[in-house]
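Results of the structural survey
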Amino acid sequence: MRNKLHAAGCCVAVSLAVTVLTMSAALAQVGGPEYKAPRTSWGDGKPDLNGIWQAMSPANWDLEDHASYGAPSSVLAVTGTVGASPGGYGVVDGGKIPYKPEALAQRKQNFENRWTTDPELKCWAPGIPRATYLPYPFQILQSTTKILMTYEFAKSSRTIHMDKKVPAPVPQYMGQSNGRWEGDTLVVEVTDFREETWFDRAGNYHSDELRVTERFTPSSPYHMMYEATIQDPKVFTGPWKITVPLYRRVERNLQLLEFNCVPFSEDLIYGQWKRR
Amino acid sequence: MSRRTVAFVAVLALAVLASVRLLAQTPSFSPPKLPWGHPDIQGVWTSDEESGVPFERPAQFANKPILEGKELEDYLKRRELERARTANFGGGITGAGPVHWYEWWGRKSARTSLIVDPPDGKIPPMTAEAKAREAQMEKEWAAKVGDRGPADSWEDRELWDRCIMRNLAGVMFPGGYGNNAQIVQTPTHVAILNEMIHEVRVIPLDGRPHLSPAVRQWYGDSRARWDGNTLVVETTNFKDTTDPRMDISVRNRGSWPESFRLIEKFTRVSPDTVRYEITRDDPKTWTRPWTAMLELKKSPAEYLFEYACHEGNIGMENILSGARVEEKENPALLTRKAVRKSPNDDSAENPDR
């Protein structure tokens, strides 16, 4: 009986979450398509995205709807609450990531092993789109021919080529980014990924056939909408999309600080080979 | 005057002109400007061409900042041999690859030192105070290392082995490969990216104060301003440590990081050249200021290769697991007194390795 009640409570929670989700999706449109972003100061007529931005989203814990969850007890014994993840409404349009059935098993395995294998724990380059919604700020440096996005996490960065299409030299953790403007929206096609990066701490993943189409749309002086359409025929049955609002950090004299996380990951990665 | 003499004089004049151009302090070239008026130093630049030039001028080249003719030929030949030796050594230990993988191969800079001031191409003598500091540093280092082996833990390895960093300003100086820097400019910031090890410095131009002294970083905290056509970058807030492996600049030893302030200058002196200078003006450490200079050449590249060092650092796994296997096979290793580099060992700082 208690289980049934629990299950019922869970469903109420889910439908509440769905309602909140719908509401937040509606709210996100405030400012909306009629908002016209300020232009760059040098008169090229493009919207000015320069600044420091950050997502305030549960996306990095799990792209899909999820209740709060803890870590294995061996982890919680050391970390306490810090080892737990907050619940959150999902950011996937339609709610579910369309995994191929065989790929779901890998995702499940990733989730079970996440406290040793999530690339974030290891200070690896986070890849796209994850770099955008990690709980760290990132900075956009929009110049004349290139847009540089530099992320506080693991001092990673990527150059978006706006002046010409530049092919990738080799597959990369951060992929290869070629961009264009569609009205006030910056559209970036990201290709040539390696397969090692994940989308979140819940083990959502991709293969080396990942392609991401990103859309950055200014919605007010203080926020823009980030949409990423994800395609990977090896892992998913079709394309799917996430939507995450990004907020401008407005603190005076703010700058990205160093988060060179290599020293924070070495115990985890190399600890087994330390001299006892 | 015979035709041959005329030709010789002409060649000599060209060589002199070339040296004057190289060492000129105030270039007359007017660099292209960005729409907001700043000189345009955007793009990818490489220090490859300076590969093999010693930091300080060897004694045999006293008064010869630039070589020519037969002397230059011999110098380049010797440099290649030295490079091959280094590459073979490194490759043999770590499997880093054959000689021809290295981008220093076939570079023909005729300069005899990267130091351009003082004019003798040598770092000036250290002050007595700095020597005392250095001795103290060495003592602390010895106490800290104790009888640790070379690979008891990752912490016994250099910062570069660990994929943490290549130091400032060492990151700008040529190493075996990947000697590329990308510059992106906006009206309010300049970003300097280094391929090795995917470093990004986003430098504000608005004259804001430095970070609080409580915030110390591997790459410090940089501020920049345009002084005519020269971008002047001033960096402070370096991490505080006496570990020589964390030496924060080329030849910075003897200086405590708290007081450490690095001045870098970037000047586009021709369409395909940015002159890069670092100046150390620290009267507590050196008897006079000194300056090292590199000519960075424009690369046709549109971007830097992704140098994902830490992600693929199987070298570290192999170094540590190999050491454990060796100890198992030879337990005497567990009790031996370790032989460690002293902080004054120049090889620890050699940016070429």
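Bear in mind the structure is a predicted one, so any value in this text is a computation, not a measurement.

Observations regarding helix α4 (residues 314-329) of chain B
Over its 16 residues, α4(B) runs 22 Å from end to end, which matches the ideal 22 Å to within 8%, given 1.5 Å per residue. Every buried residue of α4(B) is listed here: B:M316, B:L320, B:A323, B:R324 and B:E327. Down the axis of α4(B), the sector holding all buried residues measures 95°, keeping them to one side. The exposed residues of α4(B) that point more than 90 degrees off its buried face are B:I314, B:K328 and B:E329. Those residues of α4(B) hidden inside the fold are in contact with α6 (262-270) of chain A.

A short note on the packing of aromatic side chains
Pairs of aromatic rings are described using the distance from one ring centre to the other and the angle between the two planes. Under the defined criterion, the tally for this structure stands at 23 aromatic pairs over all chains. Plain terms: the ring middles of A:Y99 and A:F236 are 5.2 Å apart, the flat faces sit at 55° to each other, and that makes the pair tilted. Taken together, the positions of A:Y99 in the loop between α2 (73-79) and α3 (101-112) and A:F236 in the loop between β8 (223-231) and β9 (240-248) put the pair 137 residues apart, joining distant regions of the chain. Both residues of the pair, A:Y99 and A:F236, belong to the buried class. Note on B:W286 and B:W290: the rings are 5.4 Å apart at their centroids and 90° apart in plane angle, and the pair reads as edge-to-face. Members of the aromatic cluster, each reached through a chain of ring pairs, are B:F55, B:F173, B:F266, B:Y276, B:W286 and B:W290.

Structural notes on the state of the cysteines
Residue and element names in this part refer to chain B. Considering all chains together, one arrives at two disulfides over all chains under this definition. Residue pairing for C163: its cysteine sulfur links by disulfide to C309, the two sulfurs lying 1.9 Å apart. Between C163 and C309 the disulfide shows an S-S torsion of about -70°. By sign, it is left-handed. Here the residue C163 occupies a position in the loop between α3 (128-145) and β3 (180-185), and C309 occupies one in the loop between β10 (290-298) and α4, the gap between them amounting to 146 residues. The residues C163 and C309 share a single accessibility class, namely buried.

Overview of the pairing of strand β4 (residues 189-194) of chain B
Residue and element names in this part refer to chain B. Most of β4 sits inside the fold, with six of its six residues counted as buried. Hairpin connection, β3 to β4: the antiparallel pair is bridged by three residues. Alignment of β4 against strand β5 (residues 199-204), held across six bridges, turns out to be antiparallel. Residue V190 lies in a different strand from β5, and its bridge partner there is I203. The hairpin turn running from β4 into β5, its antiparallel successor, is four residues long, and H198 in that turn takes a positive phi close to 35°.

Focus on the nonpolar core
Core analysis: the largest hydrophobic core is formed by 55 residues, its most contacted members being B:F55, B:M172, B:F173, B:L231, B:F266 and B:Y276. Secondary structure elements with two or more residues in this core: α2 (69-94), β3, β4, β6 (221-227), β7 (230-236), β8 (262-270), β9 (273-280) and β10 of chain B. Considering each element in turn, this core owes the most residues, four residues, to β10(B). Counting 44 residues, the second largest nonpolar core, distinct from the first, contains A:V91, A:V92, A:W198 and A:L246.

Some remarks on unusual backbone geometry
Note on backbone geometry: most residues besides glycine have negative phi, and most peptide bonds are trans. Residue A:I128 is joined to A:P129 through a cis peptide bond whose omega torsion reads 10°. When you line up the elements, A:P129 lands in the loop between α4 (114-117) and α5 (130-133). Cis peptide bonds are those with omega within 30 degrees of zero, and the linkage from B:L168 to B:A169 qualifies with 5°. When you line up the elements, B:A169 lands in the loop between α3 and β3. One non-glycine residue, A:A154, lies in the positive phi region at around 55°. A:A154 sits in the buried class, given a relative accessible area of 5%. The backbone phi angle of A:D192 is positive, close to 55°, even though this residue is not glycine. Looking at where A:D192 falls in the secondary structure, it is placed in the loop between β6 (185-191) and β7 (211-220). Judged by relative accessible area, which is 36%, A:D192 ranks as partly exposed.

Some points on the interface of chain B and chain A
Each side of the interface is counted separately: chain B has 50 residues, and chain A has 47 residues. With both sides pooled, the region where chain B packs onto chain A buries about 4100 Å², and carbon together with sulfur makes up 58% of that total. Of all residues in chain B, B:W154, B:H310 and B:E311 give up the largest surface area on contact with chain A, accounting jointly for 18% of the area buried on that side. Taken together, the connections running from chain B to chain A amount to five salt bridges. A:E266 is paired through a salt bridge with B:R162; the nearest N and O atoms lie 2.7 Å apart. At the junction of chain B and chain A, the tally comes to 28 residue pairs in polar contact (both at pLDDT 80 or more). Elements with a minimum of two residues in the side of chain B that touches chain A: β3, β4, β5, β6 and α4 of chain B. It is α4(B) that contributes the most residues to the side of chain B that touches chain A, six residues altogether.

Concerning the sheet that holds β8(A)
For sheets, the rule is that strands pair by backbone hydrogen bonds, running either parallel or antiparallel. Residues and elements named next belong to chain A. Strand order around the closed barrel formed by nine strands is β1-β2-β3-β4-β5-β6-β7-β8-β9, with mixed pairing between neighbours. Neighbour-to-neighbour, the strand axes of the sheet open up by a mean angle of 30°, direction not taken into account. Note that strand β1 (residues 51-55) and strand β2 (residues 138-142) share three bridges and pair antiparallel. When the sheet's bridge partners are listed, G51 is paired in β2 with I140.

Examining the confidence of the model for chain A
Summarising the model, chain A shows a mean pLDDT of 90, and 88% of its residues fall at 70 or more. Scored below 50 in pLDDT, residues 1-31 of chain A makes nine contacts in the model with residues more than four places away or belonging to other chains.

Here's the deal with the environment of A:P129
All names here are of chain A. Residue classification places P129 among the buried residues on the basis of a relative accessible area of 1%. Spatially, the C-alpha atoms of P129 and D200 are 9.6 Å apart, while their sequence positions differ by 71 residues. Residue contacts for P129: discarding those within four places in its chain leaves F199, V212, Y226, A228, I230 and I242.

The rules behind the values
- Position numbers for residues count from 1 along each chain, tracking the sequence in the order it is written.
- Chain labels run from A onward and ligand labels from 1 onward, assigned in the order the entries are written.
- Given that the model is predicted, a residue must reach a pLDDT of at least 70 before its local features are reported, and side-chain atom pairs must reach 80 or more before they are shown or counted; all residues, however, enter totals for whole chains, interfaces and linings.
- The basis for the side-chain values is all heavy atoms of the structure; hydrogens and waters are excluded.
- Comment: elements are numbered from the N terminus, with helices defined as DSSP H or I runs of at least four residues and strands as E runs of at least two.
- To estimate the expected span of a helix, subtract one from its residue number and multiply by 1.5 Å.
- Categorising residues by exposure relies on relative accessible area from a 1.4 Å probe, with only protein chains included: less than 20% of the type maximum marks a residue as buried, more than 50% marks it as exposed, and the intermediate range marks it as partly exposed.
- What the arc measures is the spread of directions leading from the helix axis to the C-beta atoms.
- Working rule for contacts: check all heavy atoms of both residues, and any pair within 4.5 Å makes them a contact.
- For this analysis, a ring pair means two rings from Phe, Tyr or Trp (six-membered ring only for Trp) whose centres lie within 6.5 Å, classed as stacked if their planes differ by under 30 degrees, edge-to-face if by over 60, and tilted for the remaining angles.
- Here, the term disulfide refers to a pair of cysteine sulfur atoms separated by no more than 2.5 Å.
- Strand pairing requires that DSSP identify at least two bridges connecting the strands.
- Residues grouped as a nonpolar core are buried Ala, Val, Leu, Ile, Met, Phe, Trp, Tyr and Cys residues, joined through side-chain atoms within 4.5 Å.
- A quick way to say it: buried area is the sum, across both parts, of accessible area lost when two parts are put together, with a 1.4 Å probe.
- A side-chain nitrogen of Lys or Arg and a carboxyl oxygen of Asp or Glu constitute a salt bridge if their distance falls within 4 Å.
- In protein, a polar contact requires one atom able to donate a hydrogen and another able to accept it; more generally it is a pair of N or O atoms within 3.5 Å, and residues adjacent in sequence count only if both atoms are side-chain atoms.
- All axes are obtained by fitting lines to C-alpha atoms, using only the stretch in contact for helices, and the reported angles, taken between N-to-C directions, cover 0 to 180 degrees.
- Note on scores: pLDDT gives the predictor's confidence for each residue, bounded by 0 and 100.

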